[in-house]
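Inside the fold
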Amino acid sequence: MSGEPTLPVAAVARRLGVAPATLRTWDRRYGLGPSRHTNGKHRRYSPRDIARLEVMQRALLSGASTAEAAQYALDSDTSAANTEPVALDDPALELAGAVPTQQNSRHEPSYAGYHVREDVGHTRLARRLSAATIALDVRMVQQVLAEAVGRYGPLLAWEHVVRPVLSALGSGWRGRSSTEARYLLVELALGAFTRAAPLVERPRNHHPVLLACPRPERAGLAVHVLAAALARKRIDTLVYSVALPADVLVATVRRTMPAAVVLWAQREGAIDPALFSRLTRGKQRSRLFACGPGWDGQRLPATVELLSGLPTAVERVSYVLPGAP
């Protein structure tokens, strides 16, 4: 189609999170280049060209060599020749199956009271973050994290940018650099979300909300995301993302008398639900919440409310605390 939209090399490189030189190398070595020309001078990428490169990128993230990924992309393009090409604004690219596909959504989701229009920004940032993390490019990872948090806030940056990349590195990508890349991203994301929590000068709550991971959890990063989101609602928090022994947690609750306690569990069975019973002994009665995929709602005490995720945690904690939001 002569009217089909196309993109230049620089725009495609930004979209994929790779250098323009990389695209030229893929074109020269594997024939994965642009198929359109403008006045016989500048070659431009069509939607089908871009879809083919995205297939190659997914294969690379899954551990294939560059040559194998290129051949897979070429074979996929041949098998899909009779299908409708992917639109330039299609956000369906998934990082090793981890980035949520958004093109079927027909409503505006709400995250702790914030409404966001579904667009391709999340996916593009996740793609850039993945490429920078795999390359161990500290500066670029920090820049993408700052952009994600600044543009979307801590909750959306976590849900749509950081967590999908961590999931891809942890399970869907088997390259040699996956382990060190994941640790790097966790460390830099921890700093980014910590900086995203503003100092609450006049908090709504007289006593802090205690956020903790009672067992060693790589997902301790999630409690810092929650702290940053609550701080933006003028809620003061006390955060422990390290492994907190049960006795230390109980002593901390008794001394600080928190307005609420949120315990995060990533892995099933990692934390004994009976720990909540120890937190309710004595005169202090804090609101108790269990958050994270590791909790079994059937085993929780009746005094504990199970939260499905971080957005729900922000909404519920904000609701139960006194004071104007």
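What comes next concerns the included structure. (Residues numbered from 1 in each chain as written. Predicted model: local features only at pLDDT ≥ 70, side-chain atom pairs only at ≥ 80, totals over all residues. Heavy atoms only, no water.)

**Some details on the nonpolar core**
- Core analysis: the largest hydrophobic core is formed by 51 residues, its most contacted members being Leu129, Leu145, Trp158, Phe193 and Leu310.
- Mapped onto this core, the elements with two or more residues apiece are α5 (121-134), α6 (138-172), α7 (178-195), β5 (209-213), α8 (221-231), β7 (260-264), β8 (287-291) and α11 (310-320).
- Contact partners of Leu129, with chain neighbours within four places excluded, come to Val141, Val144, Leu145, Val161, Val162, Val165 and Leu185.
- Counting 19 residues, the second-largest nonpolar core is a separate cluster that includes Ala265, Ile271, Phe276 and Trp295. (Core = buried A, V, L, I, M, F, W, Y, C linked by side-chain atoms within 4.5 Å. Buried < 20%, exposed > 50% of the residue type's maximum accessible area, 1.4 Å probe, protein only. Helix = DSSP H or I, 4+ residues; strand = E, 2+ residues; numbered from the N terminus. Contact = heavy atoms within 4.5 Å.)

**A closer look at the packing of aromatic side chains**
- Going through the model one piece at a time under the given rule, you end up with two aromatic pairs.
- Between Trp158 and Phe193 the ring centres are 6.3 Å apart and the planes differ by 80°, which places this aromatic pair in the edge-to-face class. Here the residue Trp158 occupies a position in helix α6, and Phe193 occupies one in helix α7, the gap between them amounting to 35 residues.
- Assessed through its relative accessible area of 6%, Trp158 is described here as buried.
- Of the residues examined, Phe193 reaches a relative accessible area of 1% and is grouped as buried.
- The interplanar angle of 50° and the centroid separation of 5.3 Å between the aromatic rings of Phe276 and Trp295 together place this pair among those described as tilted. Residue Phe276 is located in helix α10 (residues 275-279), and its partner Trp295 is located in the loop between β8 and β9 (304-307); the two are separated by 19 residues in the primary sequence. For the pair formed by Phe276 and Trp295, the shared burial category is buried. (Phe/Tyr/Trp six-rings, centres within 6.5 Å; stacked < 30°, edge-to-face > 60°.)

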